[in-house]
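# Overview (structure and organization)
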Amino acid sequence: MIIAAAQFSARPYDIGANAARMASYVTEAGARGASLVVFAELAATGYELDAIVAGQDRMTMEPEDPRLAPVREACRAAGVAAVVNCAGRSAAGPTISSFVYGPDGAPLTRYDKACVTDQERAAGFVPGSGAGRFTLGGVAFGLLVCFDAHFPELTARAAADGCHVQLASSLYGRGNGEEEVRTVFPALAKDHGMYVLLANHAGQAGPYESCGRSGVWGPDGRPVAAAWEGEELVLAELPLG
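Described below are features of the structure shown in this document. (Residues numbered from 1 in each chain as written. Predicted model: local features only at pLDDT ≥ 70, side-chain atom pairs only at ≥ 80, totals over all residues. Heavy atoms only, no water.)

### A few points about the pattern of salt bridges
This is how the line gets drawn: Salt bridges are counted wherever a side-chain nitrogen of Lys or Arg sits within 4 Å of a carboxyl oxygen of Asp or Glu. Strands are runs of DSSP state E lasting at least two residues, helices are runs of H or I lasting at least four, and both sets are numbered from the N terminus onward.
Tallied over the full model, the rule gives 14 salt bridges. The residue Arg89 makes a salt bridge to Asp57 at a minimum N-O spacing of 3.5 Å. Separated by 32 residues along the polypeptide, Arg89 in the loop between β3 (81–88) and β4 (95–101) and Asp57 in the loop between α2 (49–55) and α3 (69–78) bring together distant segments of the chain. A salt bridge links Arg174 to Glu229; the nearest nitrogen and oxygen atoms lie 3.0 Å apart. With Arg174 in the loop between β8 (165–169) and α6 (176–192) and Glu229 in the loop between β13 (223–226) and β14 (232–237), this residue pair connects regions lying 55 residues apart in the sequence.

This is the structure in structure tokens:
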């Protein structure tokens with residue numbers, strides 16, 4: 001099975017433009033033989049916390065939101081699944097959510113970020129509590145959103161549930177973020193005997209300058225595929241499925 005991380009620079013507040021970019025990456029992923037493509041944290045809106053919360057329904061979404069229809073249609077046309085990270089809605093408040101669409105464009109699952117940062121909580125985002133699991137082509141996947149990766153017990157639970165791969169939609173900036181990418185993700189993979197994928201931003205993302213470096217690490221902790229700092233679709237072929 002080939003999986004992919006799409007690293008691009010989201011346009012702030014422009015859900016339509018970002019959905020179109022994600023749809024184009026889904027199409028490219030299909031043309032290159034991928035079964036699944038994963039996007040970075042808040043790829044649908046950009047990492048614009050205060051504006052998202054202030055915008056309410058203009059910036060938050062449900063999985064069936066018509067503004068994400070281009071992504072769902074691209075999934076259906078290419079036969080590719082996608083993990084699209086958005087500002088979601090819940091009864092308690094806005095969430096940072098991964099909506100997973102199957103190769104037929106239908107929703108497979110939703111995962112709300114469990115470990116929101118202090119900054120995200122202060123802006124008004126609330127944590128989720130769901131597990132976030134799905135199966136594609138006989139391969140079981142778990143989901144993380146950025147800071148979740150710093151809590152190894154979440155990945156331990158995914159491994160205990162039989163997941164083969166952890167998918168992390170994230171935002172890591174230059175400096176400390178680069179060191180975290182170099183250390184956190186290889187350790188997660190090796191410690192839990194799983195493949196781990198990171199989808200990060202390229203360029204400016206809210207107040208951060210992203211470090212890029214999306215990639216996939218194998219169960220031995222070694223990189224299987226990696227991007228640099230620019231916009232790129234990075235693919236990894238896994239001996240699964």
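### Some points on the pairing of strand β7 (residues 139–145)
The line we're drawing: The rule is simple: take the accessible area with a 1.4 Å probe, protein chains only, and divide by the maximum for that residue type; under 20% is buried, over 50% is exposed, in between is partly exposed. Here, any two strands with at least 2 DSSP bridges between them count as paired. A clockwise course of the path from the first strand over the helix to the second, judged with the strands pointing away from the viewer, identifies a crossover as right-handed.
By the criterion of burial, β7 is predominantly enclosed, with seven of the seven residues buried. Alternating positions in β7 separate into two faces, Val139, Phe141, Leu143 and Val145 on one and Ala140, Gly142 and Leu144 on the other, with burial throughout. For strand β6 (residues 133–136) and β7, the ladder comprises four bridges, and the chain directions are antiparallel. Residue pairing for β7: Arg133 is matched across the bridge by Gly142. Between the antiparallel neighbours β6 and β7 lie two residues, among them Gly137 with a positive phi of about 60°. Bridge analysis of β7 against β8 gives five bridges, and the strand direction is parallel. Directly across from Val145, in β8, lies its bridge partner Ser169. Each parallel crossover has a hand, and for β7 linked through helix α5 (residues 152–160) to β8 it is right-handed.

### Quick word on α3
Heads up, the rule is: The contact definition used throughout considers only heavy atoms, calling two residues in contact when any of these lie within 4.5 Å.
Looking only at α3, the buried set comprises Ala69, Val71, Arg72, Ala74 and Cys75. Where the residues of α3 are buried, they touch α1 (15–31), β3 and β4. The positive-phi residue at the C-terminal boundary of α3 is Gly79, with phi of around 70°.

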